[in-house]
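An overview of the molecular structure
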Amino acid sequence: MQGVTEDTRSPLPATAGEALRYAPPETAALLRTIATSATYGAPPTGQLGRPSSEPERPSPGDAVWRSVGAVGNASDGRLLVLVLLLVALTAGAGALAARRMAA
């Protein structure tokens, strides 16, 4: 996968693997990568289900950029269209609210 280096993988729980069988193949592959990759926050191999004494928390900025990277690697154009539509609707709602406040 592009942009991911020195990645460690965790096994995918059986229930998650079963759920991914019903997703479109491209989406399932991306979700499997995100769910099992330590780069995207999955627990390191062997620690699944065992909470550590002090979990490592990524900074908010780091989490945002990792999410953007995951979306940027998606070959499914529907996701990009959905994100752009959400941004446009949010901007429109903000503009409408500002207009009402000024009136």
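As the structure is a computational prediction, the values presented were derived from the model and not from experiment.

Looking at the confidence of the model for the protein chain
Averaged over the protein chain, the pLDDT score is 76; the fraction of residues at 70 or greater is 65%. Confidence, expressed as mean pLDDT per element, reaches its minimum in the protein chain at helix α3 (residues 60-72) with 67 and its maximum at helix α4 (residues 77-102) with 90.

Topic: the pattern of salt bridges
Inspection of every chain in the model, using the stated rule, returns one salt bridge. A salt bridge links Glu18 to Arg21; the nearest nitrogen and oxygen atoms lie 3.0 Å apart. With a relative accessible area of 33%, Glu18 lands in the partly exposed category. Residue Arg21 is classed as exposed on the basis of its relative accessible area, which comes to 62%.

Quick notes on the side chain of Thr36
Here Thr36 lies in helix α2 (residues 25-36). Taking the relative accessible area as the measure of exposure, Thr36 reaches 8% and is therefore buried. With sequence-adjacent residues up to four places away left out, Thr36 is seen in contact with Thr8, Arg9, Ser10, Pro11, Leu12 and Ala42.

Rules and cut-offs
- Residues numbered from 1 in each chain as written.
- Predicted model: local features only at pLDDT ≥ 70, side-chain atom pairs only at ≥ 80, totals over all residues.
- Heavy atoms only, no water.
- pLDDT = per-residue confidence, 0-100.
- Helix = DSSP H or I, 4+ residues; strand = E, 2+ residues; numbered from the N terminus.
- Salt bridge = Lys/Arg side-chain N within 4 Å of Asp/Glu carboxyl O.
- Buried < 20%, exposed > 50% of the residue type's maximum accessible area, 1.4 Å probe, protein only.
- Contact = heavy atoms within 4.5 Å.

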